[in-house]
Amino acid sequence: MTRTTVSHADGHIYEFTPGLEAAYTAADGESLTVETVDSLDGAIQENAARLETIPDEVNAATGPVAVAGATPGDVLRVDIEDVRVNEQRGRVVTVPRFGLLQDDPDIEHPSTYITPVDGDTIEFEGVSVPIRPVIGTIGVAPAADSYTTLTSHDHGGNLDTTDMTAGTTAYFPVFQEGAMLAMGDSKAAMADGEMCGTGVEIGTDIDVTVEVVSEPAVSLERPMVETETAWKTVASAETMEVAAKLANRDAIALLEDEYGWDATKAYMFSSLVGGLEISQVVDPLVTVRNAIPKPYLDDPFGVA
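Brief notes about the overall build of the chain
Right, on to step 1. The helix and strand tally for the chain stands at 2 helices and 22 strands.
Right, on to step 2. Its C-alpha atoms give the chain a radius of gyration of 19 Å, within 12% of the compact-globule value 19 Å for 304 residues.
Right, on to step 3. For the C-alpha atoms alone, the extent of the chain along its principal axes is close to 60 × 45 × 35 Å.
Right, on to step 4. The buried share among the 304 residues of the chain stands at 56%.
Right, on to step 5. Of all intrachain contacts in the chain linking residues separated by at least 6 positions in sequence, the fraction that spans at least 24 positions is 77%.
Right, on to step 6. Carbon and sulfur atoms make up 50% of the accessible area of the chain, which totals about 12700 Å².

Structure, rendered in structure tokens:
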């Protein structure tokens, strides 16, 4: 398959704004390779390097890529076919005033650990951890307000969601002409929650295919992700409680459409088969997803 490569050098952003200008325009259904750099722009290359504060510009997102034919009200489908690390080291850092346990006196802030890449694993203090690259920041141009690439919201952004990986499909509401997709901030490995504030930050090459879903049967207000086994609504808010409510309400809307139920019946059913999952708890807004197993929900967008 022939793919156009869109690199960090072609264009990258540190803020998702309504008026983004495209670094590349893709045809509907086109396959691309998106090259990214690590979230710290190569600033940390050894254990002695420390990050005293989060930079003003962080999580460079390669792009934006405009997708021809995408208009507000559509849904942008992004098939994530492969995510490959493109450097031989990653980095895990703690930063003052950042992370789940930022005020814990037993934890050193700042601190750095460089993780060499060894085949399909990274090494952490003599322990091998399998490489499973995750796209930390991925999103589209927002409807009205602007959001840095450190922040998640309805447009996507810094979702830090482990399901944004090879073999899954991401869906985003289209708010602006062309959608304006951008991505970066990849991790060689990351756990749900991203507790210390980072995963193994690393550059990647990401193979995707982009497709416009016009006049979707179900309107989309926030991102969704499709895994092999489930559909997952994704929501971000100032608190985990609010994010969980948003993700659950989005899941309820899908169940209402699937079964023709009212909101109460769909709410009850979501409590039987759905599951809340934490994406991240360390960014300016926290992110939660609500999974619905595929036996209980057909493709909401009717894509074969």
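As for the sheet that holds strand 22 (residues 286–293)
Right, on to step 1. Strands sit in the order 1-5-18-7-16-19-20-22-21 across an open sheet of 9 strands; the sheet is mixed. If you trace the sheet from one side to the other, it starts and ends with strand 1 (4–6) and strand 21 (275–280), each paired once. Shown here is a sheet whose adjacent strand axes are inclined to one another by a mean of 30 degrees, direction ignored.
Right, on to step 2. Bridge count for strand 21 against strand 22 is 5 bridges, and the pairing is antiparallel. Considered in strand 22, the bridge of glutamine 280 is made with threonine 287.

A short note on the environment of valine 6
Right, on to step 1. Mapping valine 6 onto the fold places it in strand 1.
Right, on to step 2. According to the relative accessible area criterion, valine 6 is buried, its value standing at 2%.
Right, on to step 3. Not counting chain neighbours up to four residues away, the residues in contact with valine 6 comprise Tyr24, Thr33, Val34, Glu35, Thr62 and Val65.

As for the environment of serine 39
Right, on to step 1. Turning to its location among the elements, serine 39 is positioned in the loop between strand 5 (31–36) and strand 6 (61–67).
Right, on to step 2. Serine 39 sits in the buried class, given a relative accessible area of 4%.
Right, on to step 3. Taking C-alpha positions, serine 39 is 11 Å from valine 93, a pair spaced 54 residues apart along the chain.
Right, on to step 4. Contacts of serine 39, omitting those with residues within four sequence positions, involve Val58, Asn59, Ala60, Asp185 and Glu201.
Right, on to step 5. Engagement of the side chain of serine 39 in a polar contact is seen with the side chain of glutamate 201, the distance being 2.6 Å.

Digging into the pattern of salt bridges
Right, on to step 1. Tallying each qualifying case throughout the model produces 21 salt bridges.
Right, on to step 2. When the shortest N-O distance is used, the salt bridge between arginine 84 and aspartate 207 registers 2.8 Å. Residue arginine 84 is found in strand 7 (residues 75–85), and its partner aspartate 207 is found in strand 18 (residues 204–213); the two are separated by 123 residues along the sequence.
Right, on to step 3. On the accessibility criterion, arginine 84 (32% relative accessible area) is partly exposed.
Right, on to step 4. What makes aspartate 207 buried here is its relative accessible area of 10%.

Brief notes about the nonpolar core
Right, on to step 1. Ranked by internal contacts, the top residues of the largest apolar core, which has 28 residues, are Leu76, Val78, Met164, Phe172 and Leu181.
Right, on to step 2. Listed by contribution, the elements that provide at least two residues to this core are strand 5, strand 6, strand 7, strand 12 (134–139), strand 16 (168–173), strand 17 (181–187) and strand 18.
Right, on to step 3. Within the second largest apolar cluster, 17 residues are counted, among which are Ala251, Ile252, Phe269 and Val273.

Remarks on the side chain of threonine 62
Right, on to step 1. Residue placement: threonine 62 occurs in strand 6.
Right, on to step 2. Separated by 2.7 Å, the side chain of threonine 62 and the backbone oxygen of glutamate 35 make a polar contact.
Right, on to step 3. Look past the residues within four positions of threonine 62 in its chain and what remains in contact with it is Val6, Ser7, His8, Gly11, His12, Val34, Glu35, Thr36, Leu181, Ala182 and Met183.

Quick notes on unusual backbone geometry
Right, on to step 1. Going from glycine 63 to proline 64, the amide bond is cis rather than trans, its omega being 0 degrees.
Right, on to step 2. Inspection of the secondary structure assignment puts proline 64 in strand 6.

Considering the packing of aromatic side chains
Right, on to step 1. For the structure on display, the rule yields 7 aromatic pairs.
Right, on to step 2. Residues tyrosine 171 and tryptophan 231 carry aromatic rings whose centres are separated by 5.7 Å and whose planes lie at 45 degrees to one another, so their mutual orientation is tilted. Of this pair, tyrosine 171 sits in strand 16 while tryptophan 231 sits in strand 20 (residues 230–237), and the two are 60 residues apart along the sequence.
Right, on to step 3. For tyrosine 171, a relative accessible area of 0% translates into the label buried.
Right, on to step 4. Aromatic pair phenylalanine 269 and tyrosine 296: ring centres 5.6 Å apart, planes at 80 degrees, arrangement edge-to-face. Pair noted here: phenylalanine 269 is in helix 2 (residues 263–273) and tyrosine 296 is in the segment after strand 22, with a separation of 27 residues, a long-range link.

Observations concerning the sheet that holds strand 9 (residues 111–118)
Right, on to step 1. Spatially, 8-9-10-11 is the arrangement adopted by the 4 strands of the open sheet, whose pairing is antiparallel. One side of each edge strand has no neighbouring strand; the edge strands of this open sheet are strand 8 (89–94) and strand 11 (127–130). Neighbour to neighbour, the strand axes of the sheet diverge by 30 degrees on average, direction disregarded.
Right, on to step 2. As paired strands, strand 8 and strand 9 are joined by 6 bridges and run antiparallel to one another. Following the sheet pairing, valine 93 is matched in strand 9 by threonine 112.

About the criteria used
Residues numbered from 1 in each chain as written. Predicted model: local features only at pLDDT ≥ 70, side-chain atom pairs only at ≥ 80, totals over all residues. Heavy atoms only, no water. Helix = DSSP H or I, 4+ residues; strand = E, 2+ residues; numbered from the N terminus. Rg over C-alpha atoms; globule rule 2.2 N^0.38 Å. Buried < 20%, exposed > 50% of the residue type's maximum accessible area, 1.4 Å probe, protein only. Contact = heavy atoms within 4.5 Å. Areas by Shrake-Rupley, 256 points an atom, 1.4 Å probe, with all protein chains shown as cover. Pairing = 2+ DSSP bridges. Axes fitted to C-alpha atoms, helices over the stretch in contact; angles between N-to-C directions. Polar contact = N/O pair within 3.5 Å; in protein donor to acceptor, adjacent residues only side chain to side chain. Salt bridge = Lys/Arg side-chain N within 4 Å of Asp/Glu carboxyl O. Core = buried A, V, L, I, M, F, W, Y, C linked by side-chain atoms within 4.5 Å. Phe/Tyr/Trp six-rings, centres within 6.5 Å; stacked < 30°, edge-to-face > 60°.

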